[in-house]
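# Report on the structure
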Amino acid sequence: MHHRTGRNGRQGVVLLAVLAGVVLIAAIAGTLRARAGATSAVLGRLADAHRVALAEVSVVNRAAAGAVPATGVPVVLEQDGLRFEVRRTDVEGLVDLYLSPGPVLRLLPGDTALVAARDAMLAGLAPGDRYLSDVQTMAVMGLDPAERARLAPFVTQRARTGEINPALAPPELQGDARLLAEQDIAGGDLAKVTVRLLP
């Protein structure tokens, strides 16, 4: 009998080792399945983002080629089943974030502290330096993403002067722009296209 108990003891140890191996393999398989599911979800989101980005580039190219008049009036364009609000505006009808005097900067809807925010932003730059984009400039001015998106159709950093040409301004700015002394007559050299994905 004693001999039999020893044999069963070894079999029990082997059985425990086999069970531990099976549990380990099952855990590894579960981890791999979870990882594959997460990878698939990430790839799906990347594919969707890529589809939207390509559609947006196509819409910008169509607008720049003349599908949208340079009036600043929003137009809805569809591309690949997505709807975009598109504006094409001559930069001389927009508010320049660097050059516009206070009265022109105050044409922007909303926050009245933009002049102080712009002056603080300019104080941190060497004369003549600019940030890479309107979005980056507005971020440095302290505007949150929602505010930047709301103001994007009305601002530039590429105008020839800081004055505004009311005839080229978006409809939302035209009325008040006509009342300013800081008016310009330039235009026709450069248009800005802004695009917003519609729900």
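It should be noted that the structure appears before, not after, this text.
Residues numbered from 1 in each chain as written. Predicted model: local features only at pLDDT ≥ 70, side-chain atom pairs only at ≥ 80, totals over all residues. Heavy atoms only, no water.

### Concerning the side chain of Gln 157
Mapping Gln 157 onto the fold places it in the loop between β4 (155–156) and α6 (171–177). Separated by 2.7 Å, the side chains of Gln 157 and Thr 137 make a polar contact. (Helix = DSSP H or I, 4+ residues; strand = E, 2+ residues; numbered from the N terminus. Polar contact = N/O pair within 3.5 Å; in protein donor to acceptor, adjacent residues only side chain to side chain.)

### Observations concerning the layout of surface pockets
Taken as a whole, the largest pocket spans an internal volume of roughly 250 Å³. Elements that contribute at least two residues to the lining of the largest pocket include exactly α1 (2–67), β2 (82–90), α5 (145–151) and β5 (191–197). Examining the composition of the lining of the largest pocket, we find that four residues originate from one element, β5, more than from any other. Of the residues assigned to the lining of the largest pocket, the class counts are seven nonpolar, one polar and five charged. Approximately 160 Å³ is the volume attributed to the second largest pocket. Along the walls of the second largest pocket sit Val 91, Leu 132, Ser 133, Asp 134, Thr 156, Gln 157, Arg 158, Leu 190, Ala 191, Lys 192 and Val 193, which together make up its complete lining. Considering every element that reaches the lining of the second largest pocket, the biggest residue donor is β5, with three residues. Partitioning the lining of the second largest pocket into residue classes produces five nonpolar, three polar and three charged. (1 Å grid on protein atoms, 1.4 Å probe; cavity = no way out; pocket = protein on both sides within 12 Å on 5 of 7 lines; lining within 4 Å. Points joined across faces, edges and corners; volume = space filled by probe spheres on them. Nonpolar A, V, L, I, M, F, W, Y, C, P; charged D, E, K, R; others polar.)

### Some points on the nonpolar core
What tends to happen in soluble globular proteins is that the nonpolar side chains get buried as a cluster. In this structure, Val 95, Leu 107, Leu 108, Leu 114, Ile 164 and Leu 173 are the most contacted members of the largest nonpolar core, which totals 23 residues. Taken together, the elements giving at least two residues each to this core come down to α2 (102–105), α3 (114–123) and α6. The element best represented in this core is α3, accounting for four residues. Excluding anything up to four places from it in sequence, Leu 114 contacts Leu 105, Leu 108, Met 141, Leu 143 and Leu 151. (Core = buried A, V, L, I, M, F, W, Y, C linked by side-chain atoms within 4.5 Å. Buried < 20%, exposed > 50% of the residue type's maximum accessible area, 1.4 Å probe, protein only. Contact = heavy atoms within 4.5 Å.)

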